[in-house]
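The primary structure of each chain is shown beneath.
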Amino acid sequence: MEQEMRTLVLLKPDAVQRGLVGEIVYRFEKKGMKIAAMKMLRMTKGSAEEFYSVHEGKPFYNGLVDYITSGPIVGLCLEGENVISIVRTMMGKTNPAEAEKGTIRADYGIDIGKNTVHGSDSIENAEKELSIVFDEADFV
Ligand code: UDP
Ligand code: MG
């Protein structure tokens, strides 16, 4: 039997600004994933730097931190079998121009920065990212 796991999804500022929250959350719900926690927030610079610390020093790092802190975002903790890889497949490649047809980034992404969604890439990163975005009390 596959192991139940959880992941962190962020609906980035371009998703919230364009009114795509419902549409994107609908895709995950329809796929059968359980929403264990969900909230709208604005990331602080400190949280964003910790969140993206794996990218520190890369040419896009400062722009990435500026962008993710530029407006409200929505965080989701999703649970289900193989949820990490299924979410990554549903999101598509990082660059919307290269994302497979029918993926979230292909359908909604503007460019490699404003690519609409984030999804954790491993169990370890999911736990780290969930702890940055959510408190215990957010899990209902
Ligand atoms: N990113 C960027 N320029 C790049 C590579 C990445 O702006 O050349 C941004 C992009 O928004 C991406 C985020 O940095 O979602 C994190 O990069 P990663 O390689 O982890 O991509 P992801 O896991 O989000 O597909
Ligand atoms: Mg990543």
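Scroll up to find the structure this text is about.
What comes next is a walk through the structure. (Residues numbered from 1 in each chain as written. Chains lettered and ligands numbered in written order. Predicted model: local features only at pLDDT ≥ 70, side-chain atom pairs only at ≥ 80, totals over all residues. Heavy atoms only, no water.)

### Some remarks on the sheet that holds strand β1 (residues 4-11)
Under the convention used in this document: Pairing between two strands requires that DSSP report at least two bridges joining them. Comment: elements are numbered from the N terminus, with helices defined as DSSP H or I runs of at least four residues and strands as E runs of at least two. Axis geometry follows a simple rule: fit a line to the C-alpha atoms, using only the stretch in contact for helices, then measure angles between N-to-C directions, giving values from 0 to 180 degrees.
Across the sheet, 4 strands lie side by side as β2-β3-β1-β4; this open sheet has antiparallel pairing. Taken across any chain shown, the strands that pair with only one partner, and hence form the sheet edges, are β2 (34-41) and β4 (117-119). Sheet twist, expressed as the mean angle between neighbouring strand axes with direction ignored, is 20 degrees.

### Comments concerning the side chain of serine 120
Definition in use: The term polar contact refers here to a pair of N or O atoms within 3.5 Å; inside protein, the definition further demands a hydrogen-donor-capable atom paired with an acceptor-capable atom, and it admits residues adjacent in sequence only when both atoms are side-chain atoms. In what follows, a contact means two residues having at least one pair of non-hydrogen atoms within 4.5 Å.
By the element assignment, serine 120 lies in the loop between β4 and α7 (123-133). Among the polar contacts made by the side chain of serine 120, one reaches the side chain of threonine 7 at a distance of 3.4 Å. Contacts of serine 120, omitting those with residues within four sequence positions, involve Thr7, Leu8, Ile84, Arg88, Asn125, Ala126 and Glu129.

### Some points on the pairing of β1
Put simply, the test is: A 1.4 Å probe rolled over the protein chains alone gives each residue an accessible area, and that area as a share of the maximum for its type sets the label: buried under 20%, exposed over 50%, partly exposed in between.
Most of β1 sits out of view: 6 of its 8 residues are buried. As defined by bridge partners, β1 adjoins strand β3 (residues 73-81) across 8 bridges and the pair is classed as antiparallel. Paired with arginine 6 across the two strands is glutamate 79, which belongs to β3. Across 3 bridges, β1 lies against β4 in antiparallel orientation. When the sheet's bridge partners are listed, leucine 10 is paired in β4 with histidine 118.

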